[in-house]
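The primary structure of each chain is shown beneath.
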Amino acid sequence: MDFKIEKKPWYIRYRYYLMAGAAFMVFLIYVISLSLGPRKLRIESDNIQIAEVKNGKFMEYVDVEGLVQPILTIKVNTRENGSVERIVNEEGATLKKGDTILVLSNPELMREIEDQRDEWENQRYSYKEREIEMEQKSLTLKQQALQAQYEMSRLQKNFGLEKEEYQMGIKSKAQLEVSEDEYNYNIQKTALQMESLRHDSAMTVVRKELLRNERERGQKKYLRSMERLDGLVVRAPIDGQLSYVNATPGQQVGSNTNIAEIKVLDEFKIHAQLSEYYIDRISTGLPATVNYQGKRYPLKITKVVPEVKDRMFDVDLVFTGEMPENVRVGKSFRVQIELGQPEDALVMPRGNFYQATGGQWIYKVVGDKAIRVPLTIGRQNPQQYEVTEGLQAGDKVILIGYDTFGEAEELILK
């Protein structure tokens, strides 16, 4: 006897498939919920640094490394061209102003100076001869003037005598008139002669002055040529230490060639490089300090180079009071340049979060987790940031480790 087998319902026949599909849907919903929710990351508390935001004193300053340099460096140039005959002082020598550094030789210049010396000697003799001639002419003019004065005096006396003879009746009126005409003529003639002598005398004085000026010009020209001879000796223009000599015996050098350098070691300056971030805040006269062996030494900025290279610019500082005892060229010091006075502010310690977030956000610790919160950073110094928005006093934040957090919006602290 046959039995009819009833067909099972579909949900019975496909129950395993349905169970698998349901499990897959649950898993898919879980994955979607994770992707749509905040991204979380579990981290070890020992691998991070947590700090508290506080109300405190904030002083804006820059902490940089400065290098001690001489207060002044003088470049020594040659005045004449020539070959290096000998080097008198080597690098490192302490020199006084006028000390010889090296000596050059220039045979052509020597011959030129000898020719000018011979020319000057010939000119001196020529000037002397012309001076003697002018002196003789001056004596002649004086003698002629004396003769003219004597002649006028004699004529006056003769005419006076003839007038007395006329009054006595010895001479007639016609004879007196002839004598008077002759007297007037001689007087005018002598006056003209005296005028000519005065002009000649004035011209002689002018010629003497021209000759004297010409002689002085010739002498100055000769002395300048002798100074060129002195230019073959390169001397120290100032007291200091000879830092280098860029020459070797026999080397040919031209005029105005930088051949040596002298450092003035009476005083020192500190040279430092600052980030372009501070270029609008740094100016000459700003105070600074060096902390060395527990003591503070005051400085001030004396020079700011506004040109930016590789996002840095240069400043020079000098000590305004006592200096450390072991200051020497090439030694480095940590310099703190003050940008203002201490002020009350909401502050937090520095950390590498600023490099990772640009100071736009930070992880704030809330219980056993840390969440991302927006942040606004104001001023900063080598130890602190000023917080202007996003946090309050007492909040705790994570300072370091941001390069390992990725894009996590929430950190689970273990």
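Residues numbered from 1 in each chain as written. Predicted model: local features only at pLDDT ≥ 70, side-chain atom pairs only at ≥ 80, totals over all residues. Heavy atoms only, no water.

Enquirer: Just give me the short version of the sheet that holds strand E7 (residues 100-105), but keep the residues and values in it.
Expert: What the four strands build is an open sheet, ordered E8-E7-E5-E10; its pairing is antiparallel. Two strands lie at the open edges of the sheet, namely strand E8 (233-235) and strand E10 (252-253), each paired on one side alone. Where E7 and E8 come together, three bridges link them in antiparallel fashion. From the neighbouring strand, Leu102 faces E8, where its bridge partner is Val234. (Pairing = 2+ DSSP bridges. Helix = DSSP H or I, 4+ residues; strand = E, 2+ residues; numbered from the N terminus.)

Enquirer: Provide a residue-level description of the pattern of salt bridges, including the pertinent values.
Expert: For the coordinates displayed, the defined rule picks out 14 salt bridges. Across the pair Arg334 and Asp63 runs a salt bridge, and its minimum N-O distance is 2.4 Å. One end of the pair, Arg334, is in strand E15 (residues 332-338); the other, Asp63, is in strand E4 (residues 61-77), with 271 residues separating them in the sequence. A relative accessible area of 41% means that Arg334 is categorised as partly exposed. We classify Asp63 as partly exposed; its relative accessible area is 26%. (Salt bridge = Lys/Arg side-chain N within 4 Å of Asp/Glu carboxyl O. Buried < 20%, exposed > 50% of the residue type's maximum accessible area, 1.4 Å probe, protein only.)

Enquirer: Residue-level account of a negative patch on the surface, with values.
Expert: Together, Glu114, Asp115, Asp118 and Glu119 line one region of the surface with negative charge. Considering the arrangement of structural elements, one finds Asp115 in helix H3 (residues 107-168). (Patch = residues over 30% accessible without salt bridge, like charges linked within 9 Å, V, L, I, M, F, W, Y side chains within 5 Å. Areas by Shrake-Rupley, 256 points an atom, 1.4 Å probe, with all protein chains shown as cover. Lys, Arg positive; Asp, Glu negative; His and termini not counted. Charge placed at Lys NZ, Arg CZ, Asp CG, Glu CD.)

Enquirer: Can you lay out the pairing of strand E11 (residues 258-275) for me, pointing to particular residues and giving the numbers?
Expert: Pairing geometry for E4 and E11, over eleven bridges, is antiparallel. The residue of E11 that forms the bridge with Ile74 is Ile262. As defined by bridge partners, strand E9 (residues 240-245) adjoins E11 across four bridges and the pair is classed as antiparallel. In the strand pairing of E11, Leu242 is matched with Ile262. Pairing of E11 with strand E14 (residues 312-319) involves seven bridges; the strand directions are antiparallel.

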